[in-house]
Amino acid sequence: MVPFKIDLNGKVAAVTGGGGVLCGAFAEALAECGASVAVLDLRKEAADAAADKINKAGGKAMGLAANVLETASLEAARSEIEAAWGPVDILINGAGGNHPKGTTSGEYLLPEHLKGDVEGLTTFFDLDPEGVQFVFNLNFLGTLLPTQVFSRGMSSKGTGTIINVSSMNAFTPLT
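Residues numbered from 1 in each chain as written. Predicted model: local features only at pLDDT ≥ 70, side-chain atom pairs only at ≥ 80, totals over all residues. Heavy atoms only, no water.

This brings us to the sheet that holds strand β1 (residues 12-16). Within a sheet, each strand pairs with its neighbour through backbone hydrogen bonds, oriented either parallel or antiparallel. Across the sheet, five strands lie side by side as β3-β2-β1-β4-β5; this open sheet has parallel pairing. Edge strands, defined here as strands with exactly one partner in the open sheet, are β3 (60-65) and β5 (161-164). Averaged over all pairs of adjacent strands, the angle between their axes in this sheet comes to 15°, without regard to strand direction. Relative to β5, strand β4 (residues 90-93) runs parallel, the two being bridged by four bridges. Bridge pairing in β5 places L91 opposite I162. (Pairing = 2+ DSSP bridges. Helix = DSSP H or I, 4+ residues; strand = E, 2+ residues; numbered from the N terminus. Axes fitted to C-alpha atoms, helices over the stretch in contact; angles between N-to-C directions.)

See below:
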């Protein structure tokens, strides 16, 4: 249960990464406040499970497969949402993540780490550019593209809300 209620009746929300724990909870809270919620996730079964949970609790939701790195996938999801409920009023960009090749293994870079290879240690200097690129694309482009796709309807209406979610891992030496 949300600790307070905001009247979102008549509002349409889209939540990327909505099949996950955190964004699934965001989707549930939006539905509890009356919004029609499109749960978007790379994994259709995860999106459907989150939407089913909302619907069983008396909310209104649909699960959609959507890849936040593919505009065509997002456009297809937007078309389904608009056909059912109209343009999105609220977008939560929650999809994101990391990659082992783009992550340091130590919390700190210590002077002795610079003296030579330490077995099992991955420092900033050892990061794989492909891993870093994957993380950049997922976390930056994976926010940019859904915002471009879903904010067009908001711009046409002159109103809307976009919330971008970041991880607490942003404070550690990860990508």
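Let's pick the thread back up.
Our next topic: the packing of aromatic side chains. The tally for this structure, following the rule as stated, stands at two aromatic pairs. Ring plane angle 20° and centroid distance 5.2 Å describe the contact between F136 and F140, whose orientation is recorded as stacked. You can see F136 and its partner F140 sitting in helix α4 (residues 129-157), four residues apart, about one turn around the helix. When its relative accessible area of 48% is taken as the criterion, F136 is described as partly exposed. (Phe/Tyr/Trp six-rings, centres within 6.5 Å; stacked < 30°, edge-to-face > 60°. Buried < 20%, exposed > 50% of the residue type's maximum accessible area, 1.4 Å probe, protein only.)

Summarising the element assignment, S151 is placed in helix α4. Given the relative accessible area of 17%, S151 is considered buried. A C-alpha to C-alpha distance of 39 Å links S151 and G106, two positions 45 residues apart in sequence. Excluding anything up to four places from it in sequence, S151 contacts P146 and I162. (Contact = heavy atoms within 4.5 Å.)

It is worth stressing that arrangement in space is one thing and function is another; only the former is reported here.
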